[in-house]
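Structural description and commentary
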Amino acid sequence: MRLDILTLFPDLFASFLEESILGRAIKKGLVDIRLISIREFAKGPHKVTDDRPFGGGDGMVMKAGPIYRALESVERERDQTLVILLTPQGRGFDQPTAWELSKREHLILICGRYEGIDERVRTGCVDMELSIGDYVLSGGELAAMVVADAVTRLVPGVLGGERSNLEDSFEDGLLEYPHYTRPRVFRDQEVPGILLSGDHEKIRVWRRTESLRRTLERRPDLLRRAKLSEEDKRILERLEQESAKSETGS
Ligand SMILES: C[S@@+](CC[C@H](N)C(=O)[O-])C[C@H]1O[C@@H](n2cnc3c(N)ncnc32)[C@H](O)[C@@H]1O
């Protein structure tokens, strides 16, 4: 997979691209991430990339010209290239969207700054607008890192033998069960005995129950969309009864 990231601040990405899973995926050639400095496509001796807004008001707006030229410099993969604008006004980025994007061979991410980008970039050359949450960042770079990280870890081979992503939260519409590692007792808190039992079937049922319990307690909205087996439904019924009992104190 190839990702081209258009930004005014390419240096912000340095350690993010070198470390850990993403760094290894890049070294192995599974992911190719290129940083395109929008400033290099600005004209004039001062390489100006922003200007005052038409109509007045505070702040500066990123000019369309340098972004169009930066986009035109990127070689496209026919039918596979998707141009994404990071913006708080976009569609909410989530795990299904990460899967959708991981199937593309080429993504171009555009990072805004200041008050945002001249609207003609959005109307003229953007295929998708993504927001990483209902808050406003100073720039699109952190959002681009979030999207790049979540998407590339789904590319086949990136997680390697290290672990599977299929049990992660949101993969089957549920939150994941809790994890424990050594020591067995830490500051008077013990690991649940079942995890030390060696009984794989009991451990599977315990993990599924905890996954359903967490989702019920923290994100009941997810349960409405999750694909639940008959076993899941029975477990949920029991969890709901337990919680009703504890609420009435009986
Ligand atoms: C200060 S913000 C501009 C916000 C814009 N004035 C608005 O109210 O919609 C600057 C840039 O940060 C990025 N950004 C800010 N919040 C974001 C979010 N929640 N998701 C994705 N990108 C975001 C966008 O690229 C945006 O152009």
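Details of the structure are given in the entry above.
Residues numbered from 1 in each chain as written. Predicted model: local features only at pLDDT ≥ 70, side-chain atom pairs only at ≥ 80, totals over all residues. Heavy atoms only, no water.

Quick look at the pairing of strand 1 (residues 2-7)
- With 6 of 6 residues buried, strand 1 lies mostly within the body of the structure.
- Across the two faces of strand 1 the burial is the same, with Arg 2, Asp 4 and Leu 6 and Leu 3, Ile 5 and Thr 7 all buried.
- Note: strand 1 against strand 2 (residues 32-37), 6 bridges, orientation parallel. Within strand 2, the position partnered with Ile 5 by the bridge is Leu 35.
- Relative to strand 6 (residues 106-110), strand 1 runs parallel, the two sharing 5 bridges. When the bridges of strand 6 are listed, Arg 2 appears paired with His 106. (Buried < 20%, exposed > 50% of the residue type's maximum accessible area, 1.4 Å probe, protein only. Helix = DSSP H or I, 4+ residues; strand = E, 2+ residues; numbered from the N terminus. Pairing = 2+ DSSP bridges.)

Some words on the environment of Gly 90
- Relative to the helices and strands, Gly 90 is located in strand 5 (residues 81-92).
- Classification of Gly 90 by relative accessible area gives buried; the value is 19%.
- Spatially, the C-alpha atom of Gly 90 lies 4.4 Å from that of Glu 129, the residues being 39 residues apart in sequence.
- Residues contacting Gly 90, with those up to four places away along its chain left out, are Glu 129, Leu 130 and Ser 131. (Contact = heavy atoms within 4.5 Å.)

Remarks on helix 7 (residues 200-218)
- For helix 7, spanning 19 residues, the distance from its first C-alpha to its last is 27 Å, which sits close to the expected 27 Å at 1.5 Å a residue.
- All buried positions along helix 7 are accounted for by Ile 203, Trp 206, Arg 208, Thr 209, Glu 210, Ser 211, Leu 212 and Thr 215.
- Contacts made by the buried residues of helix 7 are with helix 8 (220-223) and helix 9 (230-248).
- Capping the start of helix 7 is the job of one residue whose side-chain oxygen sits 3.2 Å from the backbone nitrogen of Glu 201: Asp 199. (Expected span 1.5 Å × (residues − 1). Polar contact = N/O pair within 3.5 Å; in protein donor to acceptor, adjacent residues only side chain to side chain.)

Some remarks on the site of the ligand
- Among the 20 residues in the neighbourhood of the ligand, the closest are listed as Leu 86, Gln 89, Gly 112, Glu 115 and Tyr 135.
- In this structure, Gln 89 approaches the ligand through a side-chain N or O atom, which is 2.8 Å from an oxygen atom.
- A distance of 2.9 Å is found between a nitrogen atom of the ligand and a backbone nitrogen or oxygen belonging to Tyr 135.
- Starting from 580 Å² of accessible surface for the ligand in isolation, the protein chains cover 85%.
- Of all the secondary-structure elements, those providing two or more residues to the shell around the ligand are strand 5 and strand 7 (128-131).
- It is strand 5 that contributes the most residues to the shell around the ligand, 4 residues altogether.
- Looking at the shell around the ligand, its residues break down into 9 nonpolar, 9 polar and 2 charged. (Near = heavy atom within 4 Å. Areas by Shrake-Rupley, 256 points an atom, 1.4 Å probe, with all protein chains shown as cover. Nonpolar A, V, L, I, M, F, W, Y, C, P; charged D, E, K, R; others polar.)

Comments concerning the pattern of salt bridges
- Under the criterion given, the structure shown has 20 salt bridges.
- Across the salt bridge formed by Arg 91 and Glu 100, the nearest N and O atoms sit 2.7 Å from each other.
- The class for Glu 100 is partly exposed, based on a relative accessible area of 40%.
- Where Arg 204 meets Glu 231, a salt bridge forms, and the shortest distance between an N and an O atom there is 3.0 Å. Of the two residues, Arg 204 sits in helix 7 while Glu 231 sits in helix 9, which places them 27 residues apart along the sequence.
- Judged by relative accessible area, Arg 204 falls into the partly exposed class, the value being 37%.
- In the salt-bridge network here, residues are joined through shared partners; they are Glu 210, Arg 213, Arg 238 and Glu 242. (Salt bridge = Lys/Arg side-chain N within 4 Å of Asp/Glu carboxyl O.)

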